[in-house]
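Spelled out, the chains give:
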Amino acid sequence: MDLRIFTEPQQGASYDTLLTVAKATEDLGFDAFFRSDHYLPMGSTDGLPGPTDAWITLAGLARETKRIRLGTLMTAGTFRLPGVLAIQVAQVDQMSGGRVELGLGAGWFEEEHKAYGIPFPKERSARLEEQLAIVTGLWATEVGKTFSYEGAYYQLVDSPALPKPAQEKLPVLIGGHGATRTPRLAARYADEFNIPFASIEDSERQFGRVRAAAEAAGRGADDLVYSNALVVCAGNDDAEVARRAAAIGREVDELKANGLAGSPAEVVDKIGRYSAVGASRIYLQILDLDDLDHLELISSRIQSQLS
């Protein structure tokens with residue numbers, strides 16, 4: 001089971017804070033550092049000092065880390081034109097020496113679009129399909145050849161399809177709860193399918209849909225990695241768990257029901273139940289980015305049991 005650290009910087013984090021967490025992620029032996037792609041906080045937090053851009057952040061981290069994978073859950077398809085996104089991600093992959101992964105989604109948070117003057121089109125899912133075709137098509141085009149695309153929303157004419165990522169095949173993540181379109185897109189374009197904040201039962205159902213879609217598309221169901229994103233709140237004892245839950249404005253019982261919470265043994269047991277339905281990777285949503293002791297506990301008493 002791979003454990004990855006997943007952050008939500010829109011809730012309030014500077015680049016320096018993210019760098020500190022990313023370096024701890026690397027030092028403590030986690031597989032990757034991922035972040036959300038949002039510009040507006042959610043809930044009652046003020047979000048200070050303000051939002052950081054996902055791909056600018058990852059570009060900085062690419063130069064200041066050495067081992068961990070870097071990526072997004074999920075880049076919002078509404079924020080960047082697909083040709084521009086392909087250039088940005090390829091450049092960050094080069095800057096990292098080939099450690100980048102792209103999670104790409106349709107975008108959903110209308111309020112942040114209004115707050116920053118970003119268009120929020122109705123046809124986001126259809127646009128996402130074209131974006132995936134363009135980004136992957138640009139990267140797959142042989143050097144010296146051009147890429148053209150004629151879609152309903154995007155048109156590219158004789159693009160030189162440069163630059164290329166450092167990796168021969170940069171991993172693409174697709175995720176969500178959709179019963180039809182999401183599995184079909186994952187089957188066609190994804191190297192990994194991620195389901196966020198889902199129960200074990202819902203995860204098993206959605207993994208099954210994606211596996212069936214992959215086979216229908218002529219791929220092996222096991223060609224994809226299957227993963228979950230889940231909030232984590234662990235502690236050495238009940239008091240420590242309660243303190244960490246209070247720090248992120250959550251209740252312990254709710255966290256245990258909907259995430260990974262409790263003692264290391266409880267968290268390991270629940271991760272095992274996700275593994276039993278097909279997950280081989282967990283993105284641990286860390287909401288208190290100042291609590292590095294939490295990361296150390298997860299590394300020493302949870303990750304060590306799953307290695």
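Conventions and cut-offs
Once a new chain begins, its residue numbering starts again from 1 and follows that chain's sequence as written. Reporting in this predicted model follows two pLDDT cut-offs: at least 70 for local features of residues, and 80 or more for side-chain atom pairs to be given and counted; totals over whole chains, interfaces and linings ignore these cut-offs and use all residues. Only heavy atoms go into the side-chain values, all of them from the structure, while hydrogens and water stay out. In this description a helix means any DSSP run of H or I spanning at least four residues, a strand means any run of E spanning at least two, and both kinds are numbered starting from the N terminus. What the globule rule says is 2.2 Å times the number of residues to the power 0.38, and the radius of gyration is computed from C-alpha atoms. Only protein chains enter the accessibility calculation, which uses a 1.4 Å probe; a residue whose area is less than 20% of its type maximum is buried, one above 50% is exposed, and one in between is partly exposed. Exposure was quantified through the Shrake-Rupley algorithm and a 1.4 Å probe, taking into account, for residues, occlusion by the shown protein chains and nothing else. Counting of polar contacts relies on pairs of N or O atoms within 3.5 Å, with two restrictions inside protein: one atom must be capable of donating a hydrogen and the other of accepting it, and residues adjacent in sequence are counted only when both atoms are side-chain atoms. What makes two residues a contact is simply this: any of their non-hydrogen atoms within 4.5 Å. In this analysis, the expected span of each helix is defined as 1.5 Å times one less than the number of residues it contains. Note on terminology: a nonpolar core comprises buried Ala, Val, Leu, Ile, Met, Phe, Trp, Tyr and Cys residues joined through side-chain atoms within 4.5 Å. The criterion for an aromatic pair is that two Phe, Tyr or Trp rings (for Trp, the six-membered ring) have centres within 6.5 Å, with stacked assigned to planes under 30 degrees apart, edge-to-face to planes over 60 apart and tilted to the rest. The rule for pairing is simple: two strands pair if DSSP sees at least two bridges between them. Place the viewer so that the strands point away; then a crossover is right-handed whenever the path from the first strand over the helix to the second strand goes clockwise. Angles run from 0 to 180 degrees between N-to-C directions of axes, and those axes are lines fitted to C-alpha atoms, restricted for helices to the stretch in contact. Should an angle fall under 35 degrees it is taken as roughly parallel, and over 145 as roughly antiparallel, whereas 65 to 115 is taken as roughly perpendicular and any remaining angle as oblique. Each residue gets one of three labels, nonpolar for Ala, Val, Leu, Ile, Met, Phe, Trp, Tyr, Cys and Pro, charged for Asp, Glu, Lys and Arg, and polar for the others, Gly among them. Only one rule defines a salt bridge in this text: a Lys or Arg side-chain nitrogen within 4 Å of an Asp or Glu carboxyl oxygen.

(A) Broad picture of the overall build of the chain. Per the secondary structure count, the chain includes 11 helices and 12 strands. Its C-alpha atoms give the chain a radius of gyration of 19 Å, within 12% of the compact-globule value 19 Å for 307 residues. If one aligns the C-alpha atoms of the chain with their principal axes, the spans along those axes are about 60 × 45 × 35 Å. Each of the 307 residues in the chain was classed as buried or not, and the buried ones make up 53%. As displayed, the chain has an accessible area near 13400 Å², and 49% of this comes from carbon and sulfur atoms.

(B) Main features of the side chain of Ser227. Relative to the assigned elements, Ser227 resides in strand E10 (residues 225-234). Its relative accessible area of 0% is what places Ser227 among the buried residues. A polar atom in the side chain of Ser227 sits 2.7 Å from the side chain of Glu192. A distance of 2.9 Å separates the side chain of Ser227 from the side chain of Asn194, its partner in a polar contact. Those residues in contact with Ser227 that lie beyond four places of it in its chain are Glu192, Phe193, Asn194, Ile195, Phe207, Arg281 and Tyr283.

(C) Local environment of helix H3 (residues 82-96). Here H3 spans 21 Å end to end across 15 residues, near enough to the 21 Å set by a 1.5 Å rise per residue. At its buried positions, H3 is contacted by helix H2 (54-64), strand E3 (69-72), strand E4 (75-76), strand E5 (100-105) and helix H5 (124-140). Phi for Gly97, located one or two positions after H3, is positive at around 75°.

(D) The arrangement of the nonpolar core in detail. Core analysis: the largest hydrophobic core is formed by 76 residues, its most contacted members being Trp55, Leu102, Trp139, Leu260, Leu284 and Ile302. Other than its neighbours up to four places away in sequence, Leu260 contacts Leu230, Val231, Val232, Cys233, Leu255, Val267, Lys270, Ile271, Tyr274, Ile282 and Leu284. Grouped together as the second largest cluster of nonpolar side chains are eight residues, Phe6, Phe34, Leu73 and Tyr283 included.

(E) Examining the packing of aromatic side chains more closely. This model, assessed by the stated rule, comprises six aromatic pairs. A centroid spacing of 5.4 Å and a plane angle of 65° characterise the contact between Phe207 and Tyr226, whose relative ring orientation is edge-to-face. Linking Phe207 in helix H7 (residues 200-216) with Tyr226 in strand E10, this pair joins segments that are 19 residues apart in sequence. One exposure class covers both Phe207 and Tyr226, and it is buried. Pairwise contacts between aromatic rings join Tyr39, Phe79 and Tyr116 into one cluster.

(F) How the structure looks around the pairing of strand E1 (residues 2-7). With five of its six residues buried, E1 lies for the most part within the structure. For E1 and strand E2 (residues 32-35), the ladder comprises four bridges, and the chain directions are parallel. Each residue of the ladder has a partner; that of Arg4, found in E2, is Ala32. Tracing the backbone out of E1, into helix H1 (residues 15-27) and back to the parallel element E2 gives a crossover that is right-handed.

(G) Main features of unusual backbone geometry. Cis peptide bonds are those with omega within 30 degrees of zero, and the linkage from Leu73 to Met74 qualifies with -25°. You can see Met74 is positioned in the loop between E3 and E4. The phi torsion at Ala161 lies on the positive side, around 55°, for a residue other than glycine. Position of Ala161 relative to the elements: it lies in the loop between strand E7 (155-159) and strand E8 (172-175).

(H) Up close: the packing of H5 against helix H6 (residues 181-189). Put simply, H5 and H6 touch, their axes get as near as 11 Å, and they point 5° apart. Comparing the axis directions of H5 and H6 gives the class roughly parallel. Contacts from Ser125, Ala126, Leu128, Glu129, Leu132, Ala133 and Thr136 of H5 reach H6 at Arg181, Arg184, Leu185, Arg188 and Tyr189. Classifying every residue of the contact of H5 with H6 gives six nonpolar, two polar and four charged.

(I) Structural view of the pattern of salt bridges. In total, this model carries 20 salt bridges according to the counting rule given. A salt bridge links Asp222 to Arg211, with the nearest nitrogen and oxygen atoms 2.8 Å apart. Remark: Arg211 occurs in helix H7 and Asp222 occurs in the loop between H7 and E10; sequence separation between them is 11 residues. For Arg211, a relative accessible area of 30% gives the class partly exposed.

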